[in-house]
Amino acid sequence: MKNVLLLFGLLILVCPNTSAQFTKDPILNLQTEDKKPLNWGYYLGFNQYDFQFEYENDLGQDVLVDKSLGFNVGLIGEMRINEFLDVRFEPGLLYTSRNLGFPGFTSEADAIREVKSTYIRFPLLLKASAKRFGNWKPYITGGVYTAMNLGSKEDSLDDNSSGEFRMKKNIYGYELGFGIDIYTEYFKFSPSIRGVFALTDELVPDDDPNSPWTGNINAMRTRGIFINFTFE
């Protein structure tokens, strides 16, 4: 998490002309940019995904999640409602990887499950912006999303007894975030931080109801953080 935030700060600092946008009386760039009824763009970014587990019984031994840094890429379609509100559709592709450590095993092959996921996401968001100050404008955003996990293995006939960790393919959730629109001479650059939270249980339990891997898990939901860099 610290590395993600450090990267976020460094990229803002090294972005061309970024520091100039915060001077007292800057030359206003792209003065008609926010008056367009429709706007388009794309984004690149990073993610760090985690799992939140709910257990049938509190045994004092949780499933451990080893997180790694993934990446995001996608497109943006924006419809202006008024000076301060916009509706945004941000379809994108996301890759992430997590290692799960299950308690109670002596063998690493049994205890560790690597979960690689490729998501196709379809977020529908409302963006609420403050008044523009020179060449920058803060905003908050929030909304809902649906996603398909292409690496879910939901239809696999094997389960953890054969080394296969299965997840559901279709996911629903919500995301919240904040960011800054920075108006450069040629385009609008918007770094943002997003929190994403799945509402649906993503676990496909093992065939054995007393499975040492999934038998005590009542629900498993994704949560994560995004660092996105938008160009419009």
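Within an unreviewed UniProt entry, the label attached to the chain reads PorT protein, and the organism entered is Flagellimonas eckloniae.

(A) Just the overall build of the chain, in detail. Each helix and strand counted, the chain has two helices and 10 strands in total. Its helices and strands taken in sequence order, the chain reads α-β-β-β-β-β-α-β-β-β-β-β from the N to the C terminus. A burial count over the chain gives 44% of its 232 residues as buried. The long-range share in the chain, meaning contacts at least 24 apart out of those at least 6 apart in sequence, stands at 70%. Total accessible area computed for the chain in this model is approximately 12400 Å², and 60% of it derives from carbon and sulfur atoms.

(B) Region of interest: the packing of aromatic side chains. Counted under the stated rule, the structure contains 13 aromatic pairs. With centroids separated by 6.2 Å and ring planes inclined at 45°, the aromatic side chains of Phe102 and Phe165 adopt a geometry described as tilted. Taken together, the residues span a long stretch of sequence, with Phe102 in the loop between β5 (92-101) and α2 (108-111) and Phe165 in the loop between β7 (136-149) and β8 (170-183) at a distance of 63 residues. Side by side, Phe102 and Phe165 carry an identical accessibility label, which is buried. Among the aromatic side chains, those forming a connected cluster through ring pairs are Tyr42, Phe187, Phe189, Phe229 and Phe231. Here the guanidinium or amino end of Arg121 rests over the ring plane of Tyr145, the centre of that ring lying 4.5 Å away. The lysine or arginine in question, Lys127, covers the ring of Tyr139, its NZ or CZ lying 4.4 Å from the ring centre.

(C) Region of interest: the pairing of β7. Across 11 bridges, strand β6 (residues 112-129) lies against β7 in antiparallel orientation. Residue pairing across strands places Lys127 opposite Thr141, the latter belonging to β7. Between β6 and β7, which pair antiparallel one after the other, the connecting turn spans six residues, and Gly134 there sits at a positive phi close to 60°.

(D) Fine view of unusual backbone geometry. Of note, the phi angle at Lys153 is positive, near 60°, even though the residue is not glycine. Mapping Lys153 onto the fold places it in the loop between β7 and β8.

Cut-offs applied
- Residues numbered from 1 in each chain as written.
- Predicted model: local features only at pLDDT ≥ 70, side-chain atom pairs only at ≥ 80, totals over all residues.
- Heavy atoms only, no water.
- Helix = DSSP H or I, 4+ residues; strand = E, 2+ residues; numbered from the N terminus.
- Buried < 20%, exposed > 50% of the residue type's maximum accessible area, 1.4 Å probe, protein only.
- Contact = heavy atoms within 4.5 Å.
- Areas by Shrake-Rupley, 256 points an atom, 1.4 Å probe, with all protein chains shown as cover.
- Phe/Tyr/Trp six-rings, centres within 6.5 Å; stacked < 30°, edge-to-face > 60°.
- Lys NZ or Arg CZ within 6 Å of the ring centre and 35° of its normal.
- Pairing = 2+ DSSP bridges.

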